[in-house]
Each structure stands twice: as C-alpha cells, then as structure tokens.
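What follows is the residue order along each chain.
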Amino acid sequence: MNRSLTCIVCPNGCTITAELDEHGAVCALSGAACPRGEAYARQEIERPMRMIASSVRVTGGAAPLVSVRMTKPIPKGEIMRVMEAIRSASVPAPVAAGDVIIADVLGLGSDVIATRSIDQKAV
Amino acid sequence: MRTIRHDAVIIGGGPAGLAAAAELDRLGVHDVLVIEREKQPGGILRQCIHEGFGLARYGEALSGPEYAQRLIDELTSRGMKVMTDTTVLSLSQDRALTVVSREGIARIEAGAVILAMGCRERTRGALAIPGERPAGVYTAGVAQAYMNLYNRMIGRRAVILGSGDIGMIMARRLTLEGAQVEGVYEIMDTPSGLPRNISQCLDDYGIPLNLSHTITEIHGGARVTGVTVSAVDAQLKPVPGTQRYIPCDTVILSVGLIPENELSLEAGIALDPRTRGALVDEHLQTGCPGVFAAGNVLHVHDLADDASLEAEAAARSAAAYLRGELPCCGVSVVCGAGVRYALPQRVSGGQDVPLALRVSRAMGPCSIVLRQAGREIGRKRVIRALPAEMIHVTLKADQIGGCEEIEVSAE
C-alpha cells in the first residue's frame, strides 16, 4: 500500500510517497528532497507529532497576550488537550521571550515558552 | 520645517526593512534611518505567532515575533534604532521625504531610499460580493491581529473565502481556540497558499478545502448569519443550481495581498501591472535613481525569509549606489508562456542575476526556460510549478549576448 504525504518541515512542501507493508510499516520512501523529510514521513506514519503556537493571557502587562510555542513537538492527538492547558493559563507581567510558561505540559516532555517579551503596564 | 539628512532611509520596519538596515551597516553605511508607522518594529511578524519563520536565514523554525526579535537585536547590537510611530507622507523623485510623528512634520533628504512598506490585504469591496453588509466579515490579517495581539475572539463558526496562507493559518488558529471552521472556498481550481499549509492547517483539523467554489452572497442584519456558496465554471462564473446555504457568524477573506505602493506612485515610480510593485533592474533599483524596493512592496513573497534576503540584496545595491558604482541595465526580461511575472525586469548582462518568478497555472514536472533572441540561455527543471510557490532561477551573465530581451517561460 502507498501513502502520499505533504512534508511540513520546510516551505518546499515535498510530496513524499511512502510504501507500506501489510503491518503499516514503512518499507520505502520517495520524493523527499532531504533526510529531514524522510524522518518526518517515518514519524508521521508511526506517530504523528506537531508543534503548536498560541497565546497566553497576561495580567498587568502592556499587552493582553503573550505569544507562546512548544519547545518540542507533541503527539497530534494531544493538540486539543494542550490547547486547553494553554487557554487556562495566565502569567503576570513582565514576561521575557523564552520564559517557560508551562513546564512539561501534560507530562508530554515539551515546555510552553513565551516567544515575545511583555513589559509591565505603565502606571 | 525641520530638515535632516541621512545617507540611507528605509521606509518600513518589517522583515525587509530591518534586514536591509543591518546589511547597510555591515557594508559601512552607518548613517541609516528606518521609519516605521507602528509603535513597534517588526511589521506583520508581530501577529504571526505560528512557527516556520527563519528556516532559510537561521536554520531553525521560529515564530514570527522571535524572527522579528532576531532582526531587532541585530540592529540594537549595531547601535541602530528604528524611528517608530512615524508615517511617511510623501516621497519625491530627488529622494526627499516628508514624515510626520509626535514631534511634528519633518523633511528628510536621503542619499538612497529603500522601499520596504510591505503589502495590504484585498478586501470585500474589491471582490464585490453581493449581499448584506453585516459585522463579522474580516480580512485574514485583521482577524489575526484581533486574536493574536488584542485577545479578541472574532466568532464561533467561520467560513473562509480564499486559500491564501494567512486564511489557512487562521482556520487552524480559530479551530485551536474552539471555533468551528466550516470550510475554505477557493474560486480558482488550484490553492493559492503553500501545500504544507493545506496539510498542517486544514487536513490536520479536518477542514475541507473546496476548490472552484466561491461565496455568492453574505447574509445577516447586524451580524453575519450565513453565506451562500456556489460552484464556479471554467470562466469563474457561478453555476446556477449549485448554491448552498451555510450558517456562520464569521467570514474571513484571504483573497490576495497587494503591494502598498501609494508612496511609490506619488514619487512617479513606474509599477509592473503584474506584480503591482515597482519595475526594477537587477540592483532592485526602481525607475527613480537611488530608490530601491524589496520585500512584499516589490512583489508578494511566500516567506518572510525571502523578503529579508531580497532586502539585503537591495541594501548592497544601495551601498554601491552611494559609492557611485551601479552599472546601467539595458536588457529587458519579459514573461513568455506560462509565466505570470518575472523579476527583475531589466538586467545589465554584467553579472549573474537571481530571477524570481511565478507561473500562471499549476504544472507538473516542467522546465523554466530562459531565451534570448530564440536562443536558450538557461534552464531549470522543477518537479512541480504552482502559482502559490515562487520559483528562483539564476540568469548567467556569460550566457547573455547583446541587448535583445530575455524571455522567461514555463514549458
């Protein structure tokens, strides 16, 4: 059986064709322009992982939100649960880019970190 | 009115303008002024909280704010500043600018100018969608700003018109925030955004992409209550009998970006009707000597990284111009079969030039072919060519003979 994937590693967006055996394991890959694409395709077939980005409420900040992202990809099936955790979080200003907002979110081994700095609201 | 003078003035402090400023300083042009309309530098990157920026320049996937911060940190480390909260009101042929800020109006004379104003979004008015005029219709970038900068949820049930990248990214963003996205409707038969965004923003969340479909009516009084969508034929005309009503409270338009060239037009700079950006030579110099253009104001890019790289090239040209070293460009580059636009539109023949182009329709494996007076002078094979993906090909100086025009085609 063949499965066709669009690689999301970089903007090239290679179309990768994976040949699967009867157990669904990858036996051959074609179409990837680089090894990262091949790694992506194997991962995607075995256990799809995603990075997600969102924002977290800031209290007492010069802006109401701080943008955040994951430090490592999380299982695709956990995205909505991680979003729940992100939505229910809030952080007091000031926030510095790189600050850990939620450590090891849901025990998935990935931190939610700030991607910008937010000063305290000027009084 | 105060008059100040700078060797180089950059209009716009986004991914193009900031990169150009650092490059000028690196090249020994230290008297550089970057003018930014917003209160903070960074441009559109500030609201692009998703990751995927920086792969080309930094070799890692950054979010928009992080990518912007890298550029800002680079300027800070060079002791450079961006003049924020300042709007350029006019630009003249002799590179004099009128700017307004809290300090009042000032006149700035520039040795060289780099246009880096970016682009703006095509709106509902430009599409003439029939129907009511309720609240709840947003362009994708405005929706993005509300959600990512101002913490305003824009709706619960959305329909997205157009398959531009920002529309798809907002489809994912809305879904992550708990809204329901009914689908993306694209009038053309090919998506206008990148394949990876179809995969990671739509397919991942089960959001259908309906090609050859458009919104034919928006319904609602005070707020959107629904839209009518219809299939379109090969002439893009709605097919009678295919109408379908979709209840929703939000319509997001992702129907194209237009380079922001009001200042350029006022300065008498000629634009290319295909790109809607300035006509430029291989130095990215516009028809007005000493005025250069780069990034989305020149042509809409797929990637911020590419806008920054192009701006660095414009900065190198501006530095050479200030030294009085720019050779003139007498060879035209024109579009042949299958090519929607190619840029730059003029070259000198004296050096290799990276051409950027887009095809006019989707093609499978094909070649981008460069010809001069019928003679092939360059060829690049690609495994696919999509209007959504900018293609880069190098025009080799040693292949150019004479000053006949060079034709770029996809075959």
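Residues numbered from 1 in each chain as written. Chains lettered and ligands numbered in written order. Predicted model: local features only at pLDDT ≥ 70, side-chain atom pairs only at ≥ 80, totals over all residues. Heavy atoms only, no water.

1. Topic: the overall build of chain A
In terms of regular secondary structure, chain A is built from 2 helices and 10 strands. Going from the N terminus to the C terminus, chain A shows its helices and strands as β-β-β-α-β-β-β-β-α-β-β-β. For a compact globule of 123 residues, the expected C-alpha radius of gyration is about 14 Å, and chain A comes in at 19 Å, more than 25% above that figure. With the C-alpha coordinates of chain A rotated into their principal frame, the extents come out at 65 × 25 × 15 Å. Among the 123 residues that make up chain A, the fraction classed as buried is 42%. Excluding contacts between residues fewer than 6 apart, the proportion of contacts in chain A whose partners are at least 24 apart in sequence is 48%. Looking at chain A as shown, the accessible area adds up to about 6200 Å², and 51% of this sits on carbon and sulfur atoms. Separation of charge centres in chain A, based on 13 positive and 12 negative side chains, amounts to 8 Å. (Helix = DSSP H or I, 4+ residues; strand = E, 2+ residues; numbered from the N terminus. Rg over C-alpha atoms; globule rule 2.2 N^0.38 Å. Buried < 20%, exposed > 50% of the residue type's maximum accessible area, 1.4 Å probe, protein only. Contact = heavy atoms within 4.5 Å. Areas by Shrake-Rupley, 256 points an atom, 1.4 Å probe, with all protein chains shown as cover. Lys, Arg positive; Asp, Glu negative; His and termini not counted. Charge placed at Lys NZ, Arg CZ, Asp CG, Glu CD.)

2. Topic: the interface of chain B and chain A
Listed by partner, the interface residues are 28 residues for chain B and 29 residues for chain A. With both chains or domains summed, chain B and chain A bury close to 2400 Å², and 54% of this area falls on carbon and sulfur atoms. For chain B, the biggest contributors to the area lost against chain A are Leu176, Arg196 and Asp204 of chain B; these three give 23% of the whole. The interface formed by chain B and chain A holds 4 salt bridges in total. Here Glu177 of chain B and Arg87 of chain A are joined by a salt bridge, their closest N and O atoms 3.5 Å apart. Our count for the chain B to chain A interface comes out at 13 residue pairs in polar contact (both at pLDDT 80 or more). Among the elements of the structure, α2 (64-77), α4 (140-148), α5 (165-176) and α6 (195-202) of chain B are those that each provide at least two residues to the side of chain B that touches chain A. Broken down by class, the residue content of the side of chain B that touches chain A amounts to 11 nonpolar, 9 polar and 8 charged. (Buried area = accessible area lost by both parts, 1.4 Å probe. Salt bridge = Lys/Arg side-chain N within 4 Å of Asp/Glu carboxyl O. Polar contact = N/O pair within 3.5 Å; in protein donor to acceptor, adjacent residues only side chain to side chain. Nonpolar A, V, L, I, M, F, W, Y, C, P; charged D, E, K, R; others polar.)

3. Some thoughts on the sheet that holds strand β13 (residues 209-211) of chain B
Residue and element names in this part refer to chain B. The parallel open sheet is built from 5 strands, whose spatial order is β10-β17-β11-β12-β13. Among the strands making up the open sheet, the edge pair consists of β10 (137-139) and β13. Averaged over all neighbouring strand pairs, the angle between strand axes comes to 20°, with direction disregarded. Bridge count between strand β12 (residues 180-186) and β13: 3 bridges; the pairing is parallel. Across the sheet, residue Val184 finds its bridge partner in β13, namely Leu209. In the packing of α4 onto the sheet, contacts are made with β10 and β17 (250-253), and the angle to β10 comes to roughly 95°. (Pairing = 2+ DSSP bridges. Axes fitted to C-alpha atoms, helices over the stretch in contact; angles between N-to-C directions.)

4. Here we look at unusual backbone geometry
Following Ala93 of chain A, the chain continues into Pro94 of chain A via a peptide bond in cis, with omega recorded as 0°. Mapped onto the elements, Pro94 of chain A comes out in the loop between β8 (90-92) and β9 (100-102). For the bond from Leu343 of chain B to Pro344 of chain B, the omega torsion is 5°, close enough to zero to count as cis. Mapped onto the fold, Pro344 of chain B is located in the loop between β21 (339-343) and β22 (346-347). Phi at Asp85 of chain B is positive, roughly 55°, even though this residue is not glycine. Counting through the fold element by element, Asp85 of chain B comes out in the loop between β5 (82-83) and β6 (87-91). Residue classification places Asp85 of chain B among the partly exposed residues on the basis of a relative accessible area of 29%.

5. Focus on the confidence of the model for chain B
Caution applies to low-pLDDT parts of the model: their predicted coordinates are not meant to be read in detail. Scored by pLDDT, chain B has a mean of 95; 100% of the residues are at 70 or more. Across the interfaces of the predicted complex, the ipTM metric reaches 0.93, alongside a pTM of 0.93. (pLDDT = per-residue confidence, 0-100.)

6. Observations regarding the environment of Leu263 of chain B
Residues and elements named next belong to chain B. Of note, Leu263 is situated in helix α7 (residues 262-266). When the C-alpha atoms of Leu263 and Tyr321 are compared, they prove to be 21 Å apart, with 58 residues separating the residues in sequence. Each residue touching Leu263, except ones within four places of it in the same chain, is listed here: Ile11, Val88, Leu89, Ser90, Leu91 and Met117.

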